[in-house]
Amino acid sequence: MMAHHSRPGITSVGRFLASKTLGGARSVSSSSSSFELSTEWIKPSDCDDGQLVVFLHGLLGNKRNVMSFAKSVCNSLGVPGLVVDVRGHGSSQLPSNIASTKSTFSHCVWDLHLTLQKNVPDIYDRELIVMGHSLGGRVTMLHSITEETHRPSHIWLLDTVPGKINGSVHNVLNVAREVATDEKYASLSRKDLTNLLVEQKGFDLGIAMWLASAYDPKSPAGRKFQFDLDVANHLVEEFDNMDFLAWMEEARQKDQVGIHMVHGGANKSWEESGSLDLLRSWEQEHNNPQKFSFHTLPKAGHWVHIDDPKGLLAAVESIHKNEAD
């Protein structure tokens, strides 16, 4: 695959979204509230340095959640990867000088732009592919919309459901805050927390284990989780004001970026979003998987990279190995 050194400017829909979410279409490097994110490189032997795959995790997660999948992709394609902790997650905690700033998706995009500039000096000589799970997919979409100097050639949206956020997320955040701040939960182990969430809070086991995986019983009160609760709440507030379907429609028709969506077939949020038939019709209409593809993993839930890693890797290979050929 050849490196792409230029891309069309922001679309009209992109500018609309930028004005709503990014505070205007200003340069992503101009925010004084952006900072370099925590990253980890994946460098297979004999890899192609003309490319780079960037991986972004989901809400309340961290780079450890996607690391196994990221290594599989990089080893299969023979390309380097950069796995990133999104703002307020994992090791990308807010510096003290901006800790009081209300975090937005625009900050997440600025952070990513700055992080790529600092970690990849030759970024403009590489073909860029960005893969984001859930929240990471939303950041991926906005980065693609607003990045005028080096737009990705392909983006992968891993169970990033269009539309409003699932109502259960608000409940998860409320319970996480309760556990982090209430003294009666101070001595909980991860196993205790999982049992509490299932037996007393009514969570299903998958969600309980997801939240418990980010829990650190040794941390002080108020910082029991490997994510910043305030940042998470601020980002969730913005979800319902985003309409990515309109942007995707324009982007696929103007051939700006290859868009690849992965649908966890067991995730009921897709049915609630009402977008499945539309997305499938786009794939049939476009009839070019390099530009738009929609992949369903029937038995996978929201965590497609954990529930069906082989199926997900096969989907990625079907696009990028065919393109290389």
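Preceding this section is the structure that the text describes.
Quick summary incoming for the structure in this document. (Residues numbered from 1 in each chain as written. Predicted model: local features only at pLDDT ≥ 70, side-chain atom pairs only at ≥ 80, totals over all residues. Heavy atoms only, no water.)

This paragraph deals with the overall build of the protein. Within the protein, the secondary structure is distributed over 13 helices and 7 strands. By the burial criterion, 56% of the 325 residues in the protein qualify as buried. Nonlocal contacts in the protein, meaning residues at least 24 apart in sequence, comprise 79% of its contacts between residues at least 6 apart. When the accessible surface of the protein is summed, it comes to about 13,800 Å², and 48% of that surface belongs to carbon and sulfur atoms. (Helix = DSSP H or I, 4+ residues; strand = E, 2+ residues; numbered from the N terminus. Buried < 20%, exposed > 50% of the residue type's maximum accessible area, 1.4 Å probe, protein only. Contact = heavy atoms within 4.5 Å. Areas by Shrake-Rupley, 256 points an atom, 1.4 Å probe, with all protein chains shown as cover.)

Quick look at the layout of surface pockets now. Rolled over the atoms, a probe with the dimensions of a water molecule shows which regions are left empty. For the largest pocket, the calculated volume is near 1,000 Å³. In this structure, the largest pocket is lined by 39 residues; those nearest its centre are Ser134, Trp210, Asn267, His302 and Trp303. Secondary structure elements with two or more residues in the lining of the largest pocket: helix H2 (63-77), helix H4 (135-146), helix H5 (168-181), helix H7 (205-213), helix H10 (269-273) and helix H12 (304-307). With 5 residues, H7 is the single largest residue contributor to the lining of the largest pocket. Grouping the constituent residues of the lining of the largest pocket by class yields 13 nonpolar, 18 polar and 8 charged. (1 Å grid on protein atoms, 1.4 Å probe; cavity = no way out; pocket = protein on both sides within 12 Å on 5 of 7 lines; lining within 4 Å. Points joined across faces, edges and corners; volume = space filled by probe spheres on them. Nonpolar A, V, L, I, M, F, W, Y, C, P; charged D, E, K, R; others polar.)

Burial within strand S5 (residues 154-158) is extensive, with 5 of its 5 residues counted as buried. Side-chain alternation along S5 places His154, Trp156 and Leu158 on one buried face and Ile155 and Leu157 on a second face that is also buried. By the bridge criterion, 5 bridges tie strand S4 (residues 127-133) to S5 in an arrangement that is parallel. Along S5, the bridge assignment pairs Gly132 with Leu157. In this sheet, strand S6 (residues 258-264) lies alongside S5 in parallel orientation, the contact comprising 5 bridges. Looking across to S6, one finds that Leu157 is bridged to Met261. (Pairing = 2+ DSSP bridges.)

This part is about empty space enclosed by the protein. Within the structure shown, the criterion is met by 3 cavities of 30 Å³ or more. Looking at the largest cavity, the residues that line it are His113, Leu116, Gln117, Ile123, Tyr124, Leu128, His143, Glu147, Thr149 and His150. Per-element accounting of the lining of the largest cavity gives the leading share, 3 residues, to helix H3 (residues 105-119). Residues of the lining of the largest cavity, tallied by class, amount to 4 nonpolar, 5 polar and 1 charged.

The contact between H4 and helix H9 (residues 244-253) brings their axes to 12 Å, and the two run at 50°. Comparing their axes, H9 and H4 come out oblique. The chirality of how H4 crosses H9 is left-handed. Listed contacts from H9 to Arg138, Met141, Leu142, Ser144 and Ile145 of H4 are Phe244, Trp247 and Met248. Grouping the constituent residues of the contact of H4 with H9 by class yields 6 nonpolar, 1 polar and 1 charged. (Axes fitted to C-alpha atoms, helices over the stretch in contact; angles between N-to-C directions. Parallel < 35°, antiparallel > 145°, perpendicular 65-115°, else oblique. Left-handed = near helix turned anticlockwise from the far one by under 90°.)

Across all of its chains, the model carries 7 aromatic pairs by this definition. Among the aromatic residues, those joined into a ring-pair cluster are Tyr215, Phe225 and Phe227. A cation sits over an aromatic face here: Lys43 above Trp41, 4.7 Å from the ring centre. (Phe/Tyr/Trp six-rings, centres within 6.5 Å; stacked < 30°, edge-to-face > 60°. Lys NZ or Arg CZ within 6 Å of the ring centre and 35° of its normal.)

Note that all results are geometric; they support no functional claim without further evidence.
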